[in-house]
Amino acid sequence: MDAMLSRGAFARLQTPELTEPPGLVLQVVQIKKIDSKNNQPSGPQRYRGFIYDGITTAIAVFQGDLADHITASRIRESSYVKFGTVLTKFAKDKLIFLCCDGMPLDENNIHEAPTSLPDSNAQNQPNSLAFNMQQQQYYNPNPETINPFGQNQGVPSDITSHRAPTENLTKILKLNPFVNKWTVEATVSFKSEIKTYRNAKGDGKLFNVQLLDDSGEIRATGFNEQLDTFYHMLEVGKSYKFSQLRIGNANKRFSTLDHDYELTFTEKTEVEPSTQDKPLPNLHNFVSISQVEDLPKDSTLDIIAVIKDVGDAVTLNSAKTKKEVNLAYCLTDASKLTKRDIVLVDTSMKAIRLTIWDKPAMDFSAQVGTVLACRSLRVAEFQGKTLNSSSSTMFSFNPDLQEAYNLLNWWKSQGSSADFSSFTTASSSQGAIADLPDTPLSKIKDNPSFGMEKPETFNTTAMFCFIRENPTYPACPQQDCNKKVTDQDGQWYCAKCNRSFDRPEFRYIMSGCISDSVSSIWVQLFNEQASVVMGDNANSYEAVKDSPENVALIHNNAYYKPYKLTVLAKADTYNEITRIRYSVRALKPLVPVERAQELCNAIDQYC
């Protein structure tokens, strides 16, 4: 039976040039139950013992399927076992095997055990792997092996997948919490400004860098003392060797990188300059502006486009926005928060608004016609699809890329005089009707729980039978602001933009009653939908609002015209009273032929 053993397998694992295939056949020499601390249950049962490859013995920990086999006496001392996944760890200069799964080859046959075993110290045992380990570096033939039970499911916290020799470098893509004793050689592709934060423990400061090699990119963050040590040492574009950083799950709220994990500098972290700086690989994955419309909110992207318009840097006065931006940038001084809106266009003939935050917004000086390459932008939804920068966004102006040269030639030849469409809701005043069945208003009113637990959307066909007076308000004329402005000595002041204007831009915020053949509900409409109902924009309504006859004429012309509407039902609490509010999200005038076809299709479903 000794011929069945994978003889010399432990020795072969020491040689980096050789790899050991899965399915090692080893002998379990000794088994001892691992008791939990304080005799309290602490998860699945584990055992400690020794395994033998026919030449050498080694310390092993058995758990998972193997522990179940041992508990059921299917595996006993001196049994032969065909092992599946085997992880390794180093503890007090000893190599220990973590055996997770396997099957006994012959549970009824007990084989002869080796004559000597490594003791707990293993200092003078020539056949002990713990002894040999002091003389040679070890190589794990399968460094990509991960916890077979999934994260945090019965694997001891002190177990790691392998010990990387200091002369062997680990790729960024392969970094995970189960990798031990690793060294990464990477280039600093991005370094943030020093940021401050405040929590229950007091004030602090931090910075983050993005490390890049030919396999991928990962984010690393340093706090307080580590910031003082490493911030000025690390330079963008320079290469370094990094080791002994803590690996944890990536917080996608602050990181836009694809890596599932991120690094944290510690007091044990070692950083040394690389012997040679490697050029940064081009990891841009540019998408056209037209593709942004199909991307979900909060997804990240790279984009290269031409600057069509540059707005002024403005100070934020919204407490909610300050809070959100403070979280994103870890800033404590909200008075320094600024933003700047720019408009980007490309050859897809689409335009999109990009909002730049914080210091990049203040320092932004590029002119119209500049090609801007952006890395790690976030998709936002505010009156349509827009883009936001984050703390890890990188900007490059007129980069040395073929895409940039093509865009620059296009802009000079035709782009500068072209007309572009955008994704804002203002570009489509009627909105998009949801693909939902038509619902009578009586069915909505007869269901008092509709929209109470969560917002619900429905389609209906109805007409306006009443519209309340004074449906307009003076709004900020800045693009995409729309906040109400106040008259201050002939100047209209916007608290959000912190600016004054000669005149406002009037917008609708309208309340009206819609009715079908059976029932009616009150709904609220905003500017785009109300403009369709009223037949003109809010500025025109405001110009004639002092004439009761003209106002009555506008209202009467809006009544009793059938529309197909998409309505949102949502619970709203005011003065401790909760009720359902209905708001029109989209509408379009009813086309008789289309309506007749819809009714015929509905009848066909019952025939």
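As the structure is a prediction and not an experimental result, all values here were calculated from the model.

Draft legend 1. Fine view of the pairing of strand 29 (residues 491-494). Residues Trp 492 and Cys 494 line the buried face of strand 29, whereas the alternating positions Gln 491 and Tyr 493 sit on a face that is not buried. Bridge count between strand 28 (residues 486-488) and strand 29: three bridges; the pairing is antiparallel. Its bridge partner lying in strand 29, Gln 488 is registered against Gln 491. Count of turn residues in the strand 28/strand 29 antiparallel hairpin: two residues, of which Asp 489 carries a positive phi of about 55 degrees. Bridging between strand 29 and strand 30 (residues 499-501) involves three bridges; their strand directions are antiparallel. Following the sheet pairing, Cys 494 is matched in strand 30 by Arg 499. Between the antiparallel neighbours strand 29 and strand 30 lie four residues, among them Asn 498 with a positive phi of about 60 degrees.

Draft legend 2. Geometry of unusual backbone geometry. With phi around 65 degrees, Met 349 is a residue other than glycine that occupies positive phi space. Among the structural elements, Met 349 can be located in the loop between strand 20 (338-345) and strand 21 (350-357). For Met 349, a relative accessible area of 32% translates into the label partly exposed. With phi around 60 degrees, Tyr 560 is a residue other than glycine that occupies positive phi space. Within the secondary structure layout, Tyr 560 lies in the loop between helix 11 (548-558) and strand 33 (562-574).

Draft legend 3. Examining the packing of aromatic side chains more closely. Taken as a whole and assessed by the stated rule, the structure comprises 14 aromatic pairs. Note on Tyr 508 and Tyr 541: the rings are 6.1 Å apart at their centroids and 70 degrees apart in plane angle, and the pair reads as edge-to-face. Residue Tyr 508 is found in strand 31 (residues 505-515), and its partner Tyr 541 is found in helix 10 (residues 538-544); the two are separated by 33 residues along the sequence. Classification of Tyr 508 by relative accessible area gives buried; the value is 2%. In this structure Tyr 541 comes out as buried when scored by relative accessible area, which is 4%. Among the aromatic residues, those joined into a cluster by ring pairs are Phe 207, Phe 230, Tyr 231 and Phe 265.

Draft legend 4. Local environment of the side chain of Asp 213. Tracing the backbone through its elements, the reader meets Asp 213 in strand 12 (residues 202-213). Buried charged residue Asp 213 carries no salt bridge. Nearest counter-charge: Lys 171, at 5.1 Å. For Asp 213, the side chain forms a polar contact with the main-chain nitrogen of Ile 172, separated by 3.0 Å.

Draft legend 5. A look at the environment of Ser 348. Along the polypeptide, Ser 348 turns up in the loop between strand 20 and strand 21. You can call Ser 348 partly exposed: its relative accessible area is 26%. The sequence separation of Ser 348 and Ser 290 amounts to 58 residues, and the corresponding C-alpha distance is 6.0 Å. There is a polar contact of 3.5 Å between the side chain of Ser 348 and the backbone nitrogen of Ser 290.

Draft legend 6. Seen up close, the confidence of the model for the protein. Looking at the protein as a whole, the pLDDT averages 77, with 77% of positions reaching at least 70. Confidence drops under pLDDT 50 across residues 15-19; counting only partners more than four residues distant or on other chains, this segment forms five contacts. Overall, residues 425-430 carries pLDDT values under 50, and its contacts beyond four positions in sequence, including any with other chains, amount to 14 contacts.

Draft legend 7. The sheet that holds strand 28, seen in detail. Spatially, the three strands line up as an open sheet ordered 28-29-30, and their pairing is antiparallel. The outermost strands of the open sheet, each flanked by one partner alone, are strand 28 and strand 30. Across this sheet, the average inter-strand angle for adjacent strands is 40 degrees, counted without regard to direction.

Draft legend 8. Spatial organisation of the environment of Ile 70. Among the structural elements, Ile 70 can be located in helix 2 (residues 65-71). Each C-alpha atom, one on Ile 70 and one on Arg 46, is 9.4 Å from the other, the two residues being 24 residues apart in sequence. Residues in contact with Ile 70, not counting those within four places in the same chain, are Ile 31, Tyr 47, Phe 62 and Ile 75.

Draft legend 9. Helix 7 (residues 402-413), seen in detail. Helix length check: helix 7, at twelve residues, gives a terminal C-alpha distance of 17 Å against a target of 16 Å (1.5 Å per residue), a fit within 8%. Considered for burial, the residues of helix 7 that qualify are Ala 404, Leu 407, Trp 410 and Trp 411. Buried residues along helix 7 cover an arc of 130 degrees about the axis, so they all sit on one side. Among the exposed residues of helix 7, those pointing more than 90 degrees away from its buried face are Gln 402, Asn 409, Lys 412 and Ser 413. Turning to helix 7, the residues buried within the fold contact strand 18 (300-310), strand 20 and strand 22 (371-381).

So, how was this worked out
- Residues numbered from 1 in each chain as written.
- Predicted model: local features only at pLDDT ≥ 70, side-chain atom pairs only at ≥ 80, totals over all residues.
- Heavy atoms only, no water.
- Buried < 20%, exposed > 50% of the residue type's maximum accessible area, 1.4 Å probe, protein only.
- Helix = DSSP H or I, 4+ residues; strand = E, 2+ residues; numbered from the N terminus.
- Pairing = 2+ DSSP bridges.
- Phe/Tyr/Trp six-rings, centres within 6.5 Å; stacked < 30°, edge-to-face > 60°.
- Lys, Arg positive; Asp, Glu negative; His and termini not counted.
- Salt bridge = Lys/Arg side-chain N within 4 Å of Asp/Glu carboxyl O.
- Polar contact = N/O pair within 3.5 Å; in protein donor to acceptor, adjacent residues only side chain to side chain.
- pLDDT = per-residue confidence, 0-100.
- Contact = heavy atoms within 4.5 Å.
- Axes fitted to C-alpha atoms, helices over the stretch in contact; angles between N-to-C directions.
- Expected span 1.5 Å × (residues − 1).
- Arc of directions from axis to C-beta.

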